[in-house]
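Below, each chain spelled out in residue letters.
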Amino acid sequence: MELIAALGGWPGARWLQGSATAYLVVSAAHILGIGLVLGAVLPLDARLLGLVRAVPIPLLVPFLARAAALGVVLALSTGLWLFTVRSAEYLANTAFLIKMGLLALALANIGWQHASGGYRAALAGLPPTAGVKLRALASMGLWLGLLLTGRWIGFL
């Protein structure tokens with residue numbers, strides 16, 4: 001618990017605690033990161049699932065994967081910063097804990113998808129395998145679950 005208490009004392013957390021404007025900007029950057037993730041992941045997964053076929057996978061997916069990665073980095077970094085402001089409260093919040101579990105699963109799913117031969121084959125122009133499609137469907141559910149649990153945090 002000493003580490004949790006120390007997080008609230010680091011200069012970045014104290015700055016956010018003392019400045020409504022700074023908190024607003026970091027919170028807005030967190031929302032931007034979430035928007036980038038969802039705005040890229042949902043069409044990427046829809047394309048892998050075959051729900052959208054107009055644009056070839058080798059053309060669309062690399063761009064959307066990079067946009068999603070940028071969103072993940074922004075959301076994670078700002079989320080960690082926001083966490084330091086009230087870390088003990090967040091760790092006692094069921095919705096936050098569920099969100100962290102979903103985040104771990106979503107990130108593991110990304111790693112699994114990108115490491116799969118089926119994904120690399122799809123990027124080369126072959127049809128997505130059943131495994132690629134299953135991981136794309138899981139990805140959609142996990143990221144939407146993250147959005148919902150993130151909103152739920154404020155209601156508990």
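Everything numeric here is computed off the predicted structure, so don't read it as measured data. (Residues numbered from 1 in each chain as written. Predicted model: local features only at pLDDT ≥ 70, side-chain atom pairs only at ≥ 80, totals over all residues. Heavy atoms only, no water.)

1. Thoughts on the overall build of the chain
Rule in force here: Numbering of helices and strands runs from the N terminus; a helix is a DSSP stretch of H or I covering at least four residues, while a strand is a stretch of E covering at least two. Exposure classes here rest on a 1.4 Å probe applied to the protein chains alone. A residue is buried below 20% of its type maximum, exposed above 50%, and partly exposed in between. A contact between two residues is defined here by any heavy atoms of the two lying within 4.5 Å.
Scanning the chain for helices and strands turns up eight helices and zero strands. Considering only C-alpha atoms, the chain reaches an extent of 55 × 25 × 25 Å along its principal axes. Counting across all 156 residues of the chain, residues that qualify as buried make up 39%. At a minimum sequence separation of 6, the contacts of the chain that also span at least 24 residues come to 76%.

2. Describing the pattern of salt bridges
For the record, the criterion: By salt bridge we mean one thing: a side-chain nitrogen of Lys or Arg within 4 Å of a carboxyl oxygen of Asp or Glu.
Scanning the entire structure with this criterion turns up one salt bridge. Measuring nitrogen to oxygen at the nearest pair gives 3.2 Å for the salt bridge that ties Glu89 to Arg86.

3. Some points on the confidence of the model for the chain
This is how the line gets drawn: The quantity called pLDDT is the predictor's confidence in a given residue, expressed from 0 to 100.
Residues at a pLDDT of 70 or more form 99% of the chain, whose mean pLDDT is 96. Of all secondary-structure elements in the chain, the lowest mean pLDDT belongs to helix H1 (residues 2-7), at 81, while helix H6 (residues 94-115) reaches the highest, 98.

4. Things to note about the packing of aromatic side chains
Rules: For Phe, Tyr and Trp, where Trp contributes only its six-membered ring, two rings pair if their centres lie within 6.5 Å, and the inter-plane angle classes them as stacked under 30 degrees, edge-to-face over 60, or tilted in between. The rule for a charge over a ring is simple: NZ of Lys or CZ of Arg within 6 Å of the ring centre, and within 35 degrees of the ring normal.
Tallied over the entire structure, the rule returns five aromatic pairs. Aromatic side chains Phe83 and Phe96 sit 5.5 Å apart centroid to centroid with 10 degrees between the ring planes, which places their arrangement in the stacked category. Remark: Phe96 occurs in helix H6 and Phe83 occurs in helix H4 (residues 57-83); sequence separation between them is 13 residues. Residue classification places Phe96 among the buried residues on the basis of a relative accessible area of 10%. Ring centres 5.4 Å apart and planes at 35 degrees place the aromatic pair Tyr90 and Phe96 in the tilted group. Taken as a pair, Tyr90 and Phe96 share a single burial class, namely buried. Sitting over the ring of Trp112, Arg135 keeps its end group 5.0 Å from the ring centre.

5. Notes on the environment of Tyr23
Mapped onto the elements, Tyr23 comes out in helix H3 (residues 20-49). A residue is classified by how much of its surface remains accessible, and Tyr23, at 26% relative accessible area, is partly exposed. For the pair Tyr23 and Val85, spaced 62 residues apart in sequence, the C-alpha to C-alpha distance is 9.5 Å. With residues up to four places along the chain from it excluded, the contact list for Tyr23 reads Leu16, Leu82, Val85 and Tyr90.

6. Overview of the nonpolar core
Definition in use: Residue types Ala, Val, Leu, Ile, Met, Phe, Trp, Tyr and Cys, when buried and joined through side-chain atoms within 4.5 Å, form a set referred to as a nonpolar core.
By size, the foremost hydrophobic cluster in this structure holds 26 residues, and its most contacted members are Leu44, Leu48, Val61, Tyr119, Trp143 and Leu146. Sorting the residues of this core by element identifies H3, H4, H6, helix H7 (117-123) and helix H8 (130-153) as the ones contributing at least two each. For this core, the element with the highest residue contribution is H3, accounting for eight residues. What Leu44 contacts, discounting residues up to four positions off in sequence, is Val61, Leu64 and Ala65.

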